[in-house]
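Now for the letters of each chain:
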Amino acid sequence: MEQITQPLFLTTLTAPELKSLFRSEIENYFSENNSIKSQQSINEDVILNIHQAAKYINLSIPSIYRLHGAKAIPVSKKGNKLRFSKQALTKWMMGGREKTLKKIEKDAENTNSISQ
């Protein structure tokens, strides 16, 4: 097999232009794949055990048992095992989210426009 010793020109782009082109194409590829994966994860529900749920919501296992005892966390019980819907946990976490000032003002505007 013959080895090429001289540079092979495939483009008129400079090295920085080529680097920029590759970078933008790679970023586009990964951002498209991430949005597809996030859409899939929104539409698909995953069932978690207590260890996975604790990791997902960043709480200790005893804290989860305490919340379960107070009926304050969405959970299903199969036999003696607790099972958690990832979607339900996400909704539960978002339910306790504090509103931003902008969101509060927007809600107030909507309320005023409805009552007028």
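Residues numbered from 1 in each chain as written. Predicted model: local features only at pLDDT ≥ 70, side-chain atom pairs only at ≥ 80, totals over all residues. Heavy atoms only, no water.

Remarks on the overall build of the protein
We count it as follows: Numbering of helices and strands runs from the N terminus; a helix is a DSSP stretch of H or I covering at least four residues, while a strand is a stretch of E covering at least two. By definition in these notes, contact holds between two residues if any of their heavy atoms fall within 4.5 Å. Accessible areas in this description were obtained via Shrake-Rupley with a 1.4 Å probe; residue shielding takes into account the shown protein chains only.
Summing up its helical and strand segments, the protein has 5 helices and 3 strands in all. For the protein, the sequential pattern of α-helices and β-strands runs α-β-α-α-β-β-α-α. Taking contacts inside the protein between residues at least 6 apart in sequence as the whole, the part at least 24 apart equals 49%. Of the roughly 10,400 Å² of accessible surface on the protein, a fraction of 55% belongs to carbon and sulfur atoms.

Quick look at the nonpolar core
This is how it is decided: The definition of a nonpolar core used throughout is a set of buried Ala, Val, Leu, Ile, Met, Phe, Trp, Tyr and Cys residues joined through side-chain atoms within 4.5 Å. Relative accessible area decides the class of each residue, using a 1.4 Å probe on protein chains only: under 20% of the type maximum gives buried, over 50% gives exposed, and in between gives partly exposed.
Listed in full, the 10 residues of the largest apolar core are Leu-48, Ile-50, Ala-53, Ala-54, Ile-57, Ile-64, Ile-73, Leu-82, Phe-84 and Leu-89. Listing elements by their share of this core, those giving two or more residues are helix H2 (50–57) and strand E3 (81–85). In terms of residue count, H2 provides more of this core than any other element does, 4 residues in total. Those residues in contact with Leu-82, other than ones at most four positions away along the chain, are Leu-48, Asn-49, Ile-50, Tyr-65, His-68, Val-75, Ser-76 and Lys-77.

Brief notes about a nonpolar patch on the surface
How we decide: Residues forming no salt bridge and having over 30% relative accessible area are the ones grouped into patches, like charges within 9 Å of each other and nonpolar side chains (Val, Leu, Ile, Met, Phe, Trp, Tyr) within 5 Å. When a carboxyl oxygen of Asp or Glu lies within 4 Å of a side-chain nitrogen of Lys or Arg, that pair is called a salt bridge.
On the surface, Phe-22, Ile-26, Tyr-29 and Phe-30 cluster together into a nonpolar patch covering about 460 Å² of accessible area. Structurally, the position occupied by Tyr-29 is in helix H1 (residues 15–43).

Things to note about the environment of Ile-57
Inspection of the secondary structure assignment puts Ile-57 in helix H2. Its relative accessible area of 9% is what places Ile-57 among the buried residues. In this structure, the C-alpha to C-alpha distance between Ile-57 and Met-93, residues 36 residues apart in sequence, is 7.9 Å.

Here we look at the side chain of Ser-85
Put simply, the test is: Polar contact is the term for a pair of N or O atoms within 3.5 Å; when the atoms are in protein, one must be able to donate a hydrogen and the other to accept it, and sequence-neighboring residues count only if both atoms are side-chain atoms.
If you trace the backbone, Ser-85 turns up in strand E3. A distance of 2.7 Å separates the side chain of Ser-85 from the side chain of Asp-45, its partner in a polar contact. Sequence-distant contacts of Ser-85, that is, excluding residues within four places in its chain, are made with Asp-45, Val-46 and Ile-47.

A closer look at unusual backbone geometry
Of note in the backbone geometry, Asn-58 takes a positive phi value of approximately 60° without being a glycine. Examined against the element boundaries, Asn-58 turns out to sit in the loop between H2 and helix H3 (61–69). The backbone of Lys-71 shows a phi angle near 55°, a positive value even though the residue is not glycine. In this fold, Lys-71 is placed in the loop between H3 and strand E2 (76–78). The exposed category is assigned to Lys-71, whose relative accessible area is 76%.

Regarding the side chain of Ser-63
Following the sequence through the fold, Ser-63 ends up in helix H3. The class of Ser-63 is buried, set by a relative accessible area of 18%. For Ser-63, the side chain forms a polar contact with the side chain of Ser-60, separated by 2.9 Å.

Everything listed here is a matter of geometry and, on its own, says nothing about what the molecule does.
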